[in-house]
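What the coordinates show
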Amino acid sequence: MNIITVATTPFPGQKPGTSGLRKKVKVFSQPGYLENFVQSIFDNLNGQQGKTLVLGGDGRYFNDVAIQIILRMAAATGFGRVLVGQNGILSTPAASAVIRKRGAFGGIILSASHNPGGPDDDFGIKYNLGNGGPANETFTDAVYARTREISAYRIVEPADIDLACLGETHIGAMRVSVIDPVADYAELLESLFDFERIAGLLARPGFRMRFDAMHAVNGPYAHAILEGCLGAPSGTVVNGTPLPDFGGGHPDPNPVYAAELVTALADPASGLSFGAASDGDGDRNMIVGRSFIVSPSDSLAVIAANYKLIPAYAEGLAGVARSMPTSCALDRVAAELGIPCYETPTGWKYFGNLLDAGKATLCGEESAGTGSNHLREKDGLWAVLYWLNILACRDEPVDRIVREHWRHFGRNVYARHDYEGIEAAKAEILFAELRQKLPTLAGMEFVAGRVKAADDFCYTDPVDGSRSDKQGVRVLLEDGSRVVFRLSGTGTEGATLRVYLERYVADPALHEIPVQEALAPLVALAEKVARIAEITGRKVPDVIS
Ligand code: G16
């Protein structure tokens, strides 16, 4: 095996965001760009020689090219074996499952998640540790530092591996095993849920579900698990073939980008009673009932409240965790169960320590991610099976389950407003002003109520004591309502401002007030405090979810 050392110079801006490095394909395909980043990851590993690396992605444009390069670089850095998904496919949760089950040293996942794919769209890469979870900030900071001083990368000669065929081959001394991307993951899910009962539900004449894979990675997983293992009628999974450009769609399971599914569930003629969707890399989920969309924060709270129905969790939850902007509905469930509820910054990587230390069993985020200690990634199909297991046991429609949850715990009315692709300089001005105002806000009166406190969220990890600052500006009102401002860490164009709005409504008589009406005073407060329209020129958000 001939290892070639190629001289290179740093590319600016290779700083991993909320979940790895995400850039346009055009940026990633510059000669040396991917190589520099991968070498910077490898330069920060210690002891990988002879060990196993897991490699795969969501099948988006450039996935195939990147995998061949990474295989050759993995051989040059001394990995003993790479487990790569057939056709380069591994959903993010499946990659986490394979890393954990096979005791791999780590993994590289190629995805830009819910962002669109294609020659003009997005690509991404991240490194996961041996626990199956995304590397922490200390590691990603070190990778970034390395990208700024890199002068050479190491690669072996071209050796295009046929990823279409399952089986073993070699690059020099390194074994390359092309594996079934679904098997390990499906086996894990089967060990958590009551498959027999779910299969019974799917066979009931009055029950019909649709899973929209959005032409993204979960197609093969959903076909195998829902229609294969669980016997759902064929046709249950739609848009089930992964395409490099997701069929031109935006693989983000929210009411805007998965509108077709929402419309179908609102049409009685469709006969559908349950709908679900997942994103580009299969870790996000959306749950839809008849004319009823379950907000991700509510979904998380319902999942936690119904843990007794699920075989894997029935014995009890050690604790639960949510990202800071996620609604406090989960906290109310935790309080009733008498278990801790941890509040972390946005980013699944922050749950890793809590899960590893056995402090949390379930966790989730407003950004449509839910998961548990079975993996160290959020898991789209896991959430769908969890809901199916609940439905199979309770024999009630989705909307009734959520409404009963509200009646019992009160409703945390919630919405997220996204202003996409605003000029980065304008976003900076907005946050600089906002941060400057923070000390003056407490005690101020707005139509929405009086401000109790205002701060910039900072987190100290209860396991290793590491600290993360500036994780979102919070304006907290005396009645428990909140407005949170954050910049997305996953966008690739300009800046995306996220404004999270939440109001707690205890009185069941008020639970059906339209969300936007209930939150209008908070929207006004957000505008007054942050001057969004004035600074960015945007009068309305691009996406409300
Ligand atoms: C990633 C992280 C999530 C996080 C989300 C936030 O999701 O894995 O834990 O909640 O980003 O995105 P943003 O910074 O844009 O608000 P994904 O699904 O893109 O990997």
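As shown above, the structure is provided for reference.
Reading the values: the criteria
- Residues numbered from 1 in each chain as written.
- Predicted model: local features only at pLDDT ≥ 70, side-chain atom pairs only at ≥ 80, totals over all residues.
- Heavy atoms only, no water.
- 1 Å grid on protein atoms, 1.4 Å probe; cavity = no way out; pocket = protein on both sides within 12 Å on 5 of 7 lines; lining within 4 Å.
- Points joined across faces, edges and corners; volume = space filled by probe spheres on them.
- Helix = DSSP H or I, 4+ residues; strand = E, 2+ residues; numbered from the N terminus.
- Nonpolar A, V, L, I, M, F, W, Y, C, P; charged D, E, K, R; others polar.
- Buried < 20%, exposed > 50% of the residue type's maximum accessible area, 1.4 Å probe, protein only.
- Polar contact = N/O pair within 3.5 Å; in protein donor to acceptor, adjacent residues only side chain to side chain.
- Contact = heavy atoms within 4.5 Å.

**Describing empty space enclosed by the protein**
- Summed over the entire model, instances satisfying the criterion amount to 4 cavities of 30 Å³ or more.
- Here the largest cavity defines a volume of roughly 300 Å³.
- Taken together, 29 residues make up the lining of the largest cavity; nearest its centre are Thr18, Ser19, Arg284, Lys378 and Thr490.
- Broken down by secondary-structure element, the contributors of at least two residues to the lining of the largest cavity are β6 (122-128) and β26 (495-505).
- The class makeup of the residues in the lining of the largest cavity is 5 nonpolar, 11 polar and 13 charged.
- The calculated volume of the second largest cavity comes to roughly 130 Å³.
- The set of elements that each furnish at least two residues to the lining of the second largest cavity consists of α2 (33-43), β6 and α5 (137-147).
- A class-by-class count of the residues in the lining of the second largest cavity yields 9 nonpolar, 5 polar and 2 charged.

**As for the side chain of aspartate 122**
- Checked against the element boundaries, aspartate 122 lands in strand β6.
- A relative accessible area of 3% means that aspartate 122 is categorised as buried.
- Within the local environment of aspartate 122, its side chain forms a polar contact with the side chain of asparagine 115, the two groups lying 2.9 Å apart.
- Ignoring anything within four residues of it in the chain, the contact list for aspartate 122 reads Lys23, Lys24, Val25, Arg60, Ala112, Asn115, Pro116, Gly117 and Thr492.

**Regarding helix α6 (residues 183-192)**
- Within α6 the residues assigned to the buried category are Asp184, Tyr185, Ala186, Leu189 and Leu192.
- Summarising the contacts, the buried residues of α6 are in contact with α4 (92-101), α7 (195-203), α8 (218-229) and α13 (380-394).

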